[in-house]
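Topology and contacts: notes
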Amino acid sequence: MNDADEAHRASLVARSAQGDDSAFADLYDATVSVVYGVVIRLLRSSDLSAEIVQDVYLMAWQQAAKFDPARGTTKAWLSTMAHRRAVDMIRSSTRRRDREEYYRVREGEGGPADQTWDGVESALDREDVDSGLSQLSPVQRQALELVYFRGLTHQQMAHYLRIPLGTAKSRIRNGLVTLRAVLGEQC
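About the cut-offs
- Residues numbered from 1 in each chain as written.
- Predicted model: local features only at pLDDT ≥ 70, side-chain atom pairs only at ≥ 80, totals over all residues.
- Heavy atoms only, no water.
- Helix = DSSP H or I, 4+ residues; strand = E, 2+ residues; numbered from the N terminus.
- Expected span 1.5 Å × (residues − 1).
- Buried < 20%, exposed > 50% of the residue type's maximum accessible area, 1.4 Å probe, protein only.
- Contact = heavy atoms within 4.5 Å.
- Salt bridge = Lys/Arg side-chain N within 4 Å of Asp/Glu carboxyl O.
- 1 Å grid on protein atoms, 1.4 Å probe; cavity = no way out; pocket = protein on both sides within 12 Å on 5 of 7 lines; lining within 4 Å.
- Points joined across faces, edges and corners; volume = space filled by probe spheres on them.
- Nonpolar A, V, L, I, M, F, W, Y, C, P; charged D, E, K, R; others polar.
- Core = buried A, V, L, I, M, F, W, Y, C linked by side-chain atoms within 4.5 Å.

Turning our attention to helix H2 (residues 21-43). Between its first and last C-alpha, H2 extends only 29 Å over 23 residues, short of the 33 Å set by a 1.5 Å rise per residue. Of all the positions in H2, only Ala 23, Phe 24, Leu 27, Thr 31, Val 32, Val 35, Gly 37, Val 38, Val 39 and Leu 43 are classed as buried. Buried residues along H2 sit against helix H1 (3-17), helix H3 (46-63) and helix H4 (74-106). Note on H2: the residue one or two positions beyond its end, Arg 44, has a positive phi of about 55°.

The structure is reproduced here in structure tokens:
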């Protein structure tokens, strides 16, 4: 750090405190990259970072008379304001998200009643699928079970059953068409 540069920035803050717009513009030009760097590392959003940088310089303009060069550098002063403002934004966002989640659960969107219904709905779906699978031919059922319940790829299924890949794909397709028709009748 160059002492002459810091002395110049400190004089810009002092002149800004007296209402010198051009001094404040020079201070902004000399320090904005540092302030923006502090904020973007915390927020990871260019739009939010630009908003915080604007707030920081507004605060700097309003509080320029309080700046004491004996307590630290201008960059440290601005960086501290930027860091605090960014952390405040993060905390505010977190509290808002928590509050929204609390009210969403409280109003019944995702509370215990929904979890119970989700379990019932899942069990009913499982029964429908089991019933549908029982109405497939043995080769169709085997193909769907290997692919969808055991997680085999089409190629792995063909290798496992020692059949051509095209035959494996046809069995899967025919099984899905039949299952769709059976499940469609049940709904």
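All right, on to the pattern of salt bridges then. The final tally for this structure, using the stated rule, is 3 salt bridges. We note a salt bridge from Glu 6 to Arg 9, for which the minimum N-O separation is 3.0 Å. You can see Glu 6 and its partner Arg 9 sitting in helix H1, 3 residues apart, about one turn around the helix. Note on Glu 6: relative accessible area 10%, which makes it buried. Residues Arg 85 and Asp 55 are paired through a salt bridge, measuring 3.1 Å at the closest nitrogen-oxygen approach. Here the residue Arg 85 occupies a position in helix H4, and Asp 55 occupies one in helix H3, the gap between them amounting to 30 residues.

Approximately 290 Å³ is the volume attributed to the largest pocket. Lining the largest pocket, in full, are Gln 63, Lys 66, Phe 67, Asp 68, Arg 71, Gly 72, Thr 73, Ala 76, Trp 77, Thr 80, Met 81 and Arg 84. A breakdown of the residues in the lining of the largest pocket according to their chemical character gives 4 nonpolar, 4 polar and 4 charged.

Okay, the nonpolar core next. Judged by nonpolar contacts, the single largest core of 24 residues is most densely connected at Val 35, Val 39, Val 56, Tyr 57, Trp 77 and Leu 78. Dropping the residues within four chain positions of it, Val 39 is found in contact with Arg 44, Ser 49, Ile 52, Val 53, Ala 82 and Ala 86. Of all hydrophobic cores here, the second largest spans 14 residues; its members include Leu 146, Val 147, Leu 152 and Leu 179.

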